[in-house]
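# Coordinates in review
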Amino acid sequence: MLWIKLFCFVITIVCAAPLTDLERDINNYIEVYHKYSSRISNLIEPEGIEKLCSDLDVSCTDIRFLMLAWTMKAEKQGYFTQEEWIRGLMALRADTIDELKKALPELEKEVRTPPNFADFYASTFRYSLTEEEQKSIDIETACQLLDTVMGSTFRPQVDSFIEYLKIQNDYKVINMDQWMGFYRFCNEISFPEMTEYNPGLAWPLLLNNFVEWIREKQA
């Protein structure tokens, strides 16, 4: 009997031990997570995403929401797992919605630094793939995404490229190579002069066609 009492005493001490700061933070992250997650799937589903965006005063298509998804390393559009949620809030050091909301402006500054933005830009393409084995996104989705992600930084290039994508008939979808090719174009080629552009330097054919279309308009 003595050893049973001793065992129970030890268990009581362990259970009563104070939480570490990390454990307390994780509990807070999970508590907030459950305000938006489904009780059935334990995921934040599209309905929860809408409520979250409302509480953050951002649209689901706002670049800041995409940056939040990037911070979480979210894999499926319209859904957050608990693991992704904890990862994102830990990175932002925000354990309440008010703190998360206040963290968004600083997050945007951080993501817009060149090394981060290249990775973020690529991730927005992957985040838009909604089906398994999907390798491309349709032109309409690509145009909307380009406007959101690149419009504030490269407005003339984005407007021209969107115009071209909407009138051309050769492509119904955009793949990752073409998506990243446009990012490289915006960062390496002066616009609208495009004097540095050399179609022989491994550019996607879509970009070659786009530049040819621009030059024809300029002639």
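Notes on the structure follow. (Residues numbered from 1 in each chain as written. Predicted model: local features only at pLDDT ≥ 70, side-chain atom pairs only at ≥ 80, totals over all residues. Heavy atoms only, no water.)

### Some points on unusual backbone geometry
What is expected of a backbone is that most residues other than glycine have negative phi and most peptide bonds are trans. This is how it is decided: Numbered from the N terminus, helices here are DSSP runs of H or I no shorter than four residues, and strands are runs of E no shorter than two. Partly exposed describes any residue whose relative accessible area lies between the buried limit of under 20% and the exposed limit of over 50%, with all areas from a 1.4 Å probe on protein chains only and scaled to the type maximum.
A cis amide bond, omega 10 degrees, links Phe191 with the succeeding residue Pro192. Within the secondary structure layout, Pro192 lies in the loop between helix 10 (176-188) and helix 11 (205-218). Here Asp57, not a glycine, exhibits a phi torsion of approximately 60 degrees, which is positive. Mapped onto the elements of the fold, Asp57 is located in the loop between helix 3 (46-56) and helix 4 (63-72). Under the relative-accessibility criterion, Asp57 is labelled exposed at 53%.

### Quick word on the nonpolar core
Using the following cut-off: Among the buried residues, those of types Ala, Val, Leu, Ile, Met, Phe, Trp, Tyr and Cys that are joined through side-chain atoms within 4.5 Å form a nonpolar core. The criterion used for residue contact is that any of the two residues' heavy atoms lie within 4.5 Å.
Core analysis: the largest hydrophobic core is formed by 69 residues, its most contacted members being Phe80, Trp85, Met150, Phe185 and Phe210. With sequence-adjacent residues up to four places away left out, Phe210 is seen in contact with Gln157, Ser160, Phe161, Tyr164, Phe185 and Phe191.

### Focus: the environment of Val32
In this structure, Val32 sits in helix 2 (residues 21-33). Distance from Val32 to Ile97, taken between C-alpha atoms, is 7.5 Å for residues 65 residues apart in sequence. Once you skip the residues sitting within four places of it in the chain, Val32 turns out to touch Trp85, Asp95, Thr96 and Ile97.

### What to know about the pattern of salt bridges
As a working rule, side chains carrying opposite charge can pair if their charged atoms are close by. We count it as follows: We count a salt bridge whenever a side-chain nitrogen from Lys or Arg sits within 4 Å of a carboxyl oxygen from Asp or Glu.
In this structure the tally under the stated criterion is 9 salt bridges. Of the charged contacts, one joins Arg64 and Asp62 as a salt bridge, the two residues approaching to 3.0 Å between their closest N and O atoms. The exposure class of Asp62 is buried, given its relative accessible area of 19%. Its salt-bridge partner being Arg87, residue Glu83 comes within 3.3 Å of it at the nearest N-O pair. Of this pair, Glu83 and Arg87 both sit in helix 5 (residues 82-92), separated by 4 residues, roughly a single helical turn. Put simply, Asp147, Arg155 and Asp159 are held in one network by salt bridges that share partners.

### Points about the packing of helix 8 (residues 139-150) against helix 10
The condition that has to hold: Axis angles are defined between N-to-C directions and span 0 to 180 degrees, where every axis is a line fitted to C-alpha atoms and, for a helix, only to the segment in contact. Each crossing gets its hand from how the near helix is turned against the far one by less than a right angle, where anticlockwise is left-handed and clockwise is right-handed. The residue classification treats Ala, Val, Leu, Ile, Met, Phe, Trp, Tyr, Cys and Pro as nonpolar and Asp, Glu, Lys and Arg as charged. All others, Gly included, are polar.
Contact geometry of helix 8 with helix 10 gives a least axis separation of 13 Å together with a crossing angle of 35 degrees. In this structure, helix 8 crosses over helix 10, and the sense of that crossing is right-handed. Counting all contacts with helix 8, which are made through Ala142, Leu145, Leu146 and Met150, the residues of helix 10 involved are Trp179, Phe182, Tyr183 and Cys186. For the contact of helix 8 with helix 10, the class distribution of residues is 8 nonpolar, no polar and no charged.

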